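Architecture and fold: a report
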Amino acid sequence: MKSFVRTLCLSAAIAFVAHVASAAELTFATGYGFDFFAAEIAKFEKATGNKVTFIHLPAEPSGKLSQFRLWFSAGDKSVDVLRMDDIWLPAFADHLVDLKVAAEDVIGDTFPSIIQSLTVDGRLVALPQGSDGPLLFYRKDLLEKYGKAPPKTWDELTATAKEIQDKERAAGNSDMWGFVFQGRGNDTLTCNALEWIKSSGGGNIVEQDGTISINNEKAVAALERAKGWVGTISPPGVVSYGEEESRGVWQSGNAVFMRQWTYAYQLSNADDSAVRGKFDVMPLPADPGEVSAPTLGVKGNVVSKYSEHQKEAIELVTFLASAEVQKDAALQLGDMPAIPSLFDDPDVVAAQPFMPTMKGVIDSGAIRPAAVLKSRWNEANTAFFTAVNDTLSGKGTAAENLERVEAQLTELKGSGW
């Protein structure tokens, strides 16, 4: 018996030494959730013997994009796994490993629309880490105070925001505004504007067949309506607001409505929040006959084709796409999962009550047309959000600015995308 135990221990020791000897040292580049990923990846390291070193990406999207271009153009072997938004995948797909075969189980458990957003020319170039989308945050206490229902259309939001804003100011809160959103000229404004336009029947900037559709009457009307918010129900400075500026106004108790990503839900219920317990969330409004169109941001993890540890890197992205890790991200970060069943998980719903609301609108959400524009997406995106910001700022009409975007997109298309 003792001989058997010694043999078993010796075999285990040999196996452990062999396992450690074959363990890989991986790198993981991310600009978000470092403490969360460190705790999750520690489990991966313990289970596999592999070691993972973090590379901190810049916080700004433009900084991330520049870094990706630098690494991939150089065929850099020092980067194995990268966290990447779906809108950048088409531009870098040729540098990424196809994960379709390795991820058969993941594919079956994930929203089809999310898998589609991570697929380029039939290749699954990223595994889902999660998704993100906006909600309409509203002051339920103020709507109840003035006998107003949560708005289902943009015109209802406009009227309700103005009425409550004016009455609250008359009652002594001179800092109250009706609606805050993100109007700064960057990709988040693209998301806001695409939501206004698509939910008004104005299309998707560029359609899936390559048709340039942005210069149309419904898109023009949607942007003119938004322009009318500035200085009336929205602060004049909203044209330079990002996520945190709009959240600052809202969370100080000085906004009736806010368009915002889901991350703000937990923060709005923090102990130091003036709106704690006073708000609720709902899908974004839509014009009559149209549907809510929240812009979905899908977060994926990719494997560089230049990695010298592709097998282990694929194991890491598969681990990060697991239901267990996605549930932890929902509980701790408020991230939306890519797995439908997690939206109804009792633990997730208890921690993030907005989850069932978002589940119902994911398949109708707006998808930025990066897959169509591929390497020209960044130029097209910049042209679009610049035109929208110009419109909001009173620099030309929506019709003039969208005509300019149409011309810019036509030129890009002519040179090939």
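Residues numbered from 1 in each chain as written. Predicted model: local features only at pLDDT ≥ 70, side-chain atom pairs only at ≥ 80, totals over all residues. Heavy atoms only, no water.

**Concerning the sheet that holds strand β1 (residues 25-30)**
- Read across the sheet, five strands follow the order β2-β1-β3-β11-β6 without closing on themselves; strand pairing throughout is mixed. Two strands in the sheet have a free side with no partner beyond their single neighbour: β2 (51-56) and β6 (127-132). In this sheet, neighbouring strand axes are inclined to one another by 25° on average, regardless of whether the strands run parallel or antiparallel.
- Those strands touched by helix α3 (residues 61-73) are β1, β2 and β3 (81-85), and its axis lies near 135° from that of β3. (Pairing = 2+ DSSP bridges. Helix = DSSP H or I, 4+ residues; strand = E, 2+ residues; numbered from the N terminus. Axes fitted to C-alpha atoms, helices over the stretch in contact; angles between N-to-C directions. Contact = heavy atoms within 4.5 Å.)

**Examining the packing of aromatic side chains**
- Per the counting criterion, the structure on display carries 19 aromatic pairs.
- Ring geometry for Phe-111 and Phe-343: centres 5.6 Å apart, planes at 80°, overall edge-to-face. Highlighted residues: Phe-111 in the loop between α5 (104-108) and α6 (112-117) and Phe-343 in the loop between α14 (323-333) and α15 (346-351), separated in sequence by 232 residues. The same class applies to Phe-111 as to Phe-343, namely buried.
- Note on Tyr-265 and Phe-354: the rings are 5.2 Å apart at their centroids and 55° apart in plane angle, and the pair reads as tilted. Taken together, the positions of Tyr-265 in helix α12 (residues 264-268) and Phe-354 in the loop between α15 and α16 (355-359) put the pair 89 residues apart, joining distant regions of the chain. Of the two residues, Tyr-265 and Phe-354, both sit in the buried class.
- A cation sits over an aromatic face here: Arg-169 above Trp-177, 4.4 Å from the ring centre. (Phe/Tyr/Trp six-rings, centres within 6.5 Å; stacked < 30°, edge-to-face > 60°. Buried < 20%, exposed > 50% of the residue type's maximum accessible area, 1.4 Å probe, protein only. Lys NZ or Arg CZ within 6 Å of the ring centre and 35° of its normal.)

**Considerations on the sheet that holds strand β8 (residues 177-180)**
- Overall, mixed pairing links the four strands, which are arranged β8-β9-β7-β10 in an open sheet. Single-partner strands in this sheet number two, and they are β8 and β10 (279-282). For this sheet, the mean inter-axis angle between neighbouring strands, taken without regard to orientation, is 20°.
- As paired strands, strand β7 (residues 134-139) and strand β9 (residues 255-261) are joined by five bridges and run antiparallel to one another. Across the sheet, residue Leu-135 finds its bridge partner in β9, namely Gln-260.

**Some thoughts on the environment of Val-298**
- Note on placement: Val-298 falls in strand β11 (residues 297-303).
- Exposure remark for Val-298: the relative accessible area of 2% places this residue in the buried category.
- Ignoring anything within four residues of it in the chain, the contact list for Val-298 reads Met-84, Asp-85, Asp-86, Ile-114, Ser-117, Leu-118, Gly-130 and Ser-131.

**What to know about helix α9 (residues 187-198)**
- Helix length check: α9, at twelve residues, gives a terminal C-alpha distance of 16 Å against a target of 16 Å (1.5 Å per residue), a fit within 8%.
- Among the twelve residues in α9, eleven count as buried, and that is most of the element.
- Looking at α9, one finds that the buried residues are Asp-187, Thr-188, Leu-189, Thr-190, Cys-191, Asn-192, Ala-193, Leu-194, Glu-195, Trp-196 and Ile-197.
- For α9, the secondary structure elements touched by its buried residues are β7, α8 (154-170), α10 (217-229), α11 (243-251), β9 and α18 (377-392).
- Of the residues flanking the start of α9, the one acting as N-cap is Asn-186, its side-chain oxygen 3.0 Å from the backbone nitrogen of Thr-188. (Expected span 1.5 Å × (residues − 1). Polar contact = N/O pair within 3.5 Å; in protein donor to acceptor, adjacent residues only side chain to side chain.)

**Examining the confidence of the model for the protein chain**
- In the predicted model, the protein chain carries a mean pLDDT of 92, and the fraction of residues at 70 or more is 95%.
- Under a pLDDT of 50 for its full length, residues 1-21 has, in the predicted model, three contacts with residues more than four places off or in other chains. (pLDDT = per-residue confidence, 0-100.)

**Quick look at the pairing of β11**
- Most of β11 is tucked away: six of the seven residues are buried.
- Looking at chain direction, β3 and β11 are connected through five bridges and run antiparallel. Each bridged residue has a counterpart across the sheet, and for Leu-82 the counterpart in β11 is Val-302.
- As paired strands, β6 and β11 are joined by five bridges and run antiparallel to one another. Note that in β11 the partner of Gly-130 across the bridge is Lys-299.

**Some points on the environment of Arg-83**
- Structurally, the position occupied by Arg-83 is in strand β3.
- The spacing of Arg-83 and Ala-126 is 43 residues in sequence and 8.9 Å in space, taken between C-alpha atoms.
- If sequence neighbours within four positions are ignored, Arg-83 has contacts with Phe-28, Ala-29, Thr-30, Tyr-32, Phe-37, Leu-57, Phe-68, Gln-129, Lys-299, Gly-300, Asn-301 and Asp-335.

**Examining unusual backbone geometry**
- Even without a glycine there, the phi angle at Asp-121 is positive, about 50°.
- The phi angle at Ile-205 is positive, at roughly 75°, despite the residue not being glycine.

**Quick notes on the pattern of salt bridges**
- Here the structure, examined in full by the defined rule, presents 23 salt bridges.
- Measuring nitrogen to oxygen at the nearest pair gives 2.8 Å for the salt bridge that ties Lys-148 to Glu-163. On the criterion of sequence distance, the pair formed by Lys-148 in the loop between α7 (140-145) and α8 and Glu-163 in helix α8 is long-range, its members being 15 residues apart.
- Exposure remark for Lys-148: the relative accessible area of 29% places this residue in the partly exposed category. (Salt bridge = Lys/Arg side-chain N within 4 Å of Asp/Glu carboxyl O.)

**A look at the side chain of Arg-225**
- Its location among the elements puts Arg-225 in helix α10.
- At 3.1 Å, the side chain of Arg-225 forms a polar contact with the side chain of Asp-287.
- Those residues in contact with Arg-225, other than ones at most four positions away along the chain, are Trp-154, Asp-155, Thr-158, Ser-200 and Asp-287.

**Remarks on α18**
- The terminal C-alpha atoms of α18 lie 22 Å apart, and with 16 residues this matches the ideal 22 Å at 1.5 Å per residue to within 8%.
- Burial runs high along α18: twelve of the 16 residues are buried.
- Taken together, the buried positions of α18 are occupied by Trp-377, Ala-380, Asn-381, Ala-383, Phe-384, Phe-385, Ala-387, Val-388, Asn-389, Asp-390, Thr-391 and Leu-392.
- Looking at the buried side of α18, the elements it contacts are α9, α10, α17 (370-373) and α19 (398-414).
- Immediately beyond the C-terminal end of α18, within one or two residues, lies Gly-394, with a positive phi of roughly 80°.

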